[in-house]
Amino acid sequence: MKALPGFLYSFKTVFVIMICLGLAFTLRSQVVDSLERIVAEQPDDQSKVDNLIQISRNYFMIAKYDSSMARCETALRLAERLNYLPGQGDAYYIKSNIY
């Protein structure tokens, strides 16, 4: 079996990586959409804070920093109102990553 020339091997590798990244972004977007629907119907409790944090993380991972910050701020305000310290810590941590 004949080996691929170096430039074709590199091109093939880059192409596969780009397809994988595209699929990852698509899957993250679907996760965010699902979580957004769940959060819209949730009462204001700790699990809502946790879901907002998860949405914020997913937006961060797909480089939607404005959306990530908006969900993070919402989670932080709710966590402060509930006196939910782990939620506050997570929100501040994500905010520090965004900045």
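Residues numbered from 1 in each chain as written. Predicted model: local features only at pLDDT ≥ 70, side-chain atom pairs only at ≥ 80, totals over all residues. Heavy atoms only, no water.

**Q** Help me understand unusual backbone geometry in this model?
**A** Leave glycine aside and you will find that most residues have negative phi; peptide bonds, for their part, are mostly trans. Phi at A63 is positive, roughly 65°, even though this residue is not glycine. Taking the relative accessible area as the measure of exposure, A63 reaches 46% and is therefore partly exposed. Even without being a glycine, N83 presents a positive backbone phi close to 55°. Considering the arrangement of structural elements, one finds N83 in the loop between α3 (65-82) and α4 (85-98). (Buried < 20%, exposed > 50% of the residue type's maximum accessible area, 1.4 Å probe, protein only. Helix = DSSP H or I, 4+ residues; strand = E, 2+ residues; numbered from the N terminus.)

**Q** Where do I start with the pattern of salt bridges in this structure?
**A** Side chains bearing opposite charge may pair, as long as their charged atoms lie close to each other. A full pass over the atoms with the stated rule returns four salt bridges. Across the salt bridge formed by R81 and D44, the nearest N and O atoms sit 2.7 Å from each other. Highlighted residues: R81 in helix α3 and D44 in the loop between α1 (6-41) and α2 (46-61), separated in sequence by 37 residues. Residue D44 is classed as partly exposed on the basis of its relative accessible area, which comes to 42%. Here K95 makes a salt bridge to E73, at a shortest N to O gap of 2.7 Å. (Salt bridge = Lys/Arg side-chain N within 4 Å of Asp/Glu carboxyl O.)

**Q** I'm lost on α4 in this one. Help?
**A** The periodicity of an α-helix, 3.6 residues per turn, causes residues three or four places apart in sequence to face the same way. When the terminal C-alpha atoms of α4 are compared, their 20 Å separation across 14 residues agrees well with the 20 Å that a helix rising 1.5 Å per residue should span. When α4 is considered as a whole, its buried residues turn out to be G87, Q88, A91, I94, K95 and I98. The arc that holds every buried residue of α4, seen down its axis, measures 130°, which confines them to one face. Those residues of α4 that are exposed and aimed more than 90 degrees away from the buried face are L85, P86 and Y93. If you follow the buried residues of α4, they end up packed against α2 and α3. (Expected span 1.5 Å × (residues − 1). Arc of directions from axis to C-beta. Contact = heavy atoms within 4.5 Å.)

**Q** So what exactly am I meant to see when it comes to the packing of α2 against α3 here?
**A** Relative orientation and spacing of two packed helices are given, respectively, by the angle between their axes and the distance between those axes. Two numbers describe how α2 lies on α3: the axes approach to 8 Å, and their chain directions differ by 160°. By the angle between their directions, the pair α2 and α3 is classed as roughly antiparallel. Pair α2 / α3 crosses with left-handed handedness. Counted together, Q46, K48, V49, L52, I53, I55, S56, Y59 and F60 of α2 and Y65, S67, S68, R71, C72, T74, A75, L78, A79 and L82 of α3 form the full contact between these two elements. A class-by-class count of the residues in the contact of α2 with α3 yields 12 nonpolar, five polar and two charged. (Axes fitted to C-alpha atoms, helices over the stretch in contact; angles between N-to-C directions. Parallel < 35°, antiparallel > 145°, perpendicular 65-115°, else oblique. Left-handed = near helix turned anticlockwise from the far one by under 90°. Nonpolar A, V, L, I, M, F, W, Y, C, P; charged D, E, K, R; others polar.)

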